[in-house]
Structures are given as structure tokens and as C-alpha cells.
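Residues per chain, in single letters:
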Amino acid sequence: MPASYLRSRSQSPRPRRVRKAFTFSGRDYFQYLETKRLEFEKERASLSIYISPLKVFGYFFLYGLNKIYLAASWLLQHYVYLTAFSGLFLSLYISLYYDGVHQQLFRLVKGEVKFYGFWLLLGVASSIGLGTGLHTFVLFLGPHVAEIAMVAHECGSLNFAVRGVDKLSCRVNNNSTGVTPVMILLKVLPESLIWGFGTALGELPPYFIARAAAYAGKGNAEMEELQSLSKENPGSLGIRQRIILGVYKLLLRTGFLGIFICASIPNPLFDLAGITCGHFLVPFATFFSAVVFGKGFVKAPLQVFIIIVLFSKKSIQMVLNYLKPRMPYIHDSIERMVNDQIKSIRSGNTMSSESGAGTKLIPLLWNSLIVLMMLYFLFSIIESLAHTYLQQHQETELLHMPQPARKRSKSM
């Protein structure tokens, strides 16, 4: 080869081929990202257990598997706790099947845990679920207190058990001076306080979710709605929006006292308190103590006391006297139910088997209503967890999207 050709090849090297990768420009990237977010929000809004049950149950199953995997990973990393829990469980299991003096203590502890754990779980179910909680006061605690109040007034004493084999069985004391509402309140106060503490525990998920979002620097849909409402003209807002805005401003101004006031009164919007306190990083001790004092020591005993007053002899007689000239059919039905209950109390059996078909229909309808509400609560929890899994999956997908291409400066 000629020397001139070799010299020219060495002086002007051949440019390398560069394979172009599929990337976004800055403006196209953010536009595509916003489009995907809107699509994801639309998908989550259309996800319903009544429209697409298989998809919802599938996401719920994946959510459960994910949590089980995380729990198993944590236990394997902290094998000391796993060993301690396994040893404690094994020792308790062996002790339950061997006779001894400890069996009486175990039976006592088991009965207490079962009774108070039942009311604790009902309290949690009443307030958990961001507004979709099961109304366990109306379905369980209220009827329980009403039955005890009627038995106490009819027996003239509080010398009867509220649980166990001899539940609500007493001898009618005609020489008794009677019982007062405060005495009945003290009789049912333990389960009422435990139920109220459970409702306080049910308010913690919104608080922790909003707090985690605040620490992560993420937005919150409920907080964005509250902040947008605070900027609008109050005259253009509806009644519900004004109440929401009022609760929001009260919490911002008063802190512990505002949380305590909102927790002490029947307030279906109290979830906003947890979201607001979590978003503004209110200390956990401040939030939880205010909720416990409000719901456990004020709201629950107040509701119970109202039920006791309403189901006293005088109150029932006042209602019957009012209904007799105006609604005779309803008056006769209520009077028949009250008389059947009094007969069953006097006979020492609160669940009388001699009731007629008409009185059996009401418990049947009531139990059906309880089953339907429990199914609705269960479905709402499943749908909420499915939404959580889908949102986490979509956020992960957004994080792994290709980043916009950066412009390289031209080399001189």
C-alpha cells in the first residue's frame, strides 16, 4: 500500500457507530408521566369488588402474599424473636393439655381475654376503614347495654352476671329500692371502656399513612382537598364541606384540645383528624392520648349512659304512651316485645322459647341485618387492601420508567 494512504488512515480515524437508545425528551417525558398517572388513577377509581370481583380478590391475594413474605423475612432476620415466640407458644400449648393447678388460672385468663378481646375487636372494627367501619355500637354494644338495663330495672338489683352460663339470670326482688342509671353504667363500664379503647386503635391507620406520606414527601389526596377547600370562598361551599373545613381549622388551631373535642363527640369525619395530624407530624403521644381520652373515657360512657336512660322503665312507658294514640299497631308490637322480655327475665331465661312467630321475626331480621353489614365491612376492607396493592404496583412502575435524555455538550 502507498505510504500516503496509510498516513491518511492514521490521521483521520473512522467514526464509531453509536446505537441510539429509546429515550424521552424532557417535555415529552413529563407529559407521558402525567398521562400514565391519570390512567392509573382512572384504573383505581374503576376498581370495585361489585364490578370486577376476580380482579379485586386477585390483588387482595397478592397483597396478603406480599405481607406474609415481608413478615417471614423479618422473622428470619430477627431469629431471636422467632425462637422466643416459638418457645412461648410451645410451652403454652403443652400446658393446656396437662392437668394441674394451673388449669383453673388458664380458664380464668382465657375467659377474660375472650370477653374483653371481643369488645376490643368490635371497637377497632367500628372506626377502622376510613369511614367504612362496622357500626358495632348499634349492632352489639347498644343491645348488650339495653338488655342489661332492662334486667336490672326488672330485678331491682345488679346481682347478676353479664356473661357465662348464668348470664342475666336473677331473682326479682320486690323489696328493693331499685337501681339508678349510674349504677347500671358502672356495671357495664369495663366493656364500654375496652370498646372505646378499640375505637381509638382503629383511628391509627389514617394517622400513620398520612405521616409516612409526609416523611416520604408525597402528597395526600385528602389533604390536597382540605387545602383547596380552605382557599375557596366559604359562601360557595356546601354544608358537609363547611363541616370538614371547620374540623380542619379547629385541629390546626387547638392541637391536643381540638383532637380531644373531635374524639369526644359522635363525629363521622374524625378520619380527617388522623390524616391532618399525620400530615403535620403531630407527635404520636399527643394524638393517641387525646383520642383515647376522648373516645374511651368520654364518648363511649356517654353513649352507654344514653342507652341506659332510654331503656329505663319510665322511658319505655313514655314511648308507649306516645305511640298508643298515634301508631297503635307499632305500640302493640313494641308492648308485646317488652312484655315477652319481662316474662323471660322473671322466668330466669332471657332467650325465651315461648315467643310467638311475630317476635321471632324481629330477631331474624336483626341478625340478617348484622350479617349484611358485616359482609359489607369485610368487602370494603378487601377492596381497600386491593387498592393499596394496585397503587403500590403502579408507583413502582412509574419509578422504573426510562428517564429523559440529557443533552450532551458538543466537544470542541
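This one's a predicted model, so the numbers in the text were calculated from it and none came from an experiment.

Visitor: Mind laying out the overall build of the chain, listing which residues take part and the relevant values?
Guide: For the chain, the helix and strand inventory stands at 16 helices and zero strands. Counting over 412 residues, the chain shows a buried share of 31%. Contacts in the chain between residues at least 24 apart in sequence constitute 72% of all its contacts with a sequence separation of at least 6. For the chain, the accessible surface area stands at approximately 27,900 Å², while carbon and sulfur atoms represent 64% of it.

Visitor: Go over the pattern of salt bridges with me, naming the residues and quoting the values.
Guide: Under the defined criterion, the tally for this structure stands at four salt bridges. A salt bridge links Glu39 to Lys36; its shortest N-O distance comes to 3.7 Å. Residue Glu39 and its partner Lys36 are both found in helix α2 (residues 26-46); the two are separated by three residues, about one turn of the helix. A relative accessible area of 14% places Lys36 in the buried class. Its salt-bridge partner being Glu154, residue Lys313 comes within 3.8 Å of it at the nearest N-O pair. On the criterion of sequence distance, the pair formed by Lys313 in helix α14 (residues 313-326) and Glu154 in helix α6 (residues 136-155) is long-range, its members being 159 residues apart. Taking the relative accessible area as the measure of exposure, Glu154 reaches 8% and is therefore buried.

Visitor: Can you break down the environment of Glu112 residue by residue, with the values?
Guide: Within the secondary structure, Glu112 sits in helix α5 (residues 102-127). Using a relative accessible area of 30% as the deciding quantity, one classes Glu112 as partly exposed. The contact partners of Glu112, leaving out residues within four places of it in the chain, are Gly117 and Arg163.

Visitor: Please give an account of the environment of Leu82 that cites residues and values.
Guide: Among the secondary structure elements, Leu82 is positioned in helix α4 (residues 79-96). Spatially, the C-alpha atoms of Leu82 and Ala72 are 9.7 Å apart, while their sequence positions differ by ten residues.

Visitor: Please give an account of the environment of Glu203 that cites residues and values.
Guide: Tracing the backbone through its elements, the reader meets Glu203 in the loop between α7 (181-202) and α8 (204-216). Through-space distance from the C-alpha of Glu203 to that of Phe288 is 8.7 Å; in sequence the pair is 85 residues apart.

Visitor: Before we move on, could you go through the nonpolar core and cite the residues and values that matter?
Guide: Buried together is how nonpolar side chains tend to be arranged in soluble globular proteins. Leu141, Val145, Ile148, Phe160, Ile184, Val304 and Ile308 are the most contacted members of the largest nonpolar core, which totals 28 residues. Contributions of two or more residues to this core are made by α5, α6, α7 and α13 (284-310). Broken down by element, the residue count for this core peaks at eleven residues, all from α6. When neighbours within four sequence positions are excluded, Ile148 is seen to be in contact with Phe160, Val162, Leu168, Ile184, Lys187, Val188 and Glu191.

About the criteria used
Residues numbered from 1 in each chain as written. Predicted model: local features only at pLDDT ≥ 70, side-chain atom pairs only at ≥ 80, totals over all residues. Heavy atoms only, no water. Helix = DSSP H or I, 4+ residues; strand = E, 2+ residues; numbered from the N terminus. Buried < 20%, exposed > 50% of the residue type's maximum accessible area, 1.4 Å probe, protein only. Contact = heavy atoms within 4.5 Å. Areas by Shrake-Rupley, 256 points an atom, 1.4 Å probe, with all protein chains shown as cover. Salt bridge = Lys/Arg side-chain N within 4 Å of Asp/Glu carboxyl O. Core = buried A, V, L, I, M, F, W, Y, C linked by side-chain atoms within 4.5 Å.

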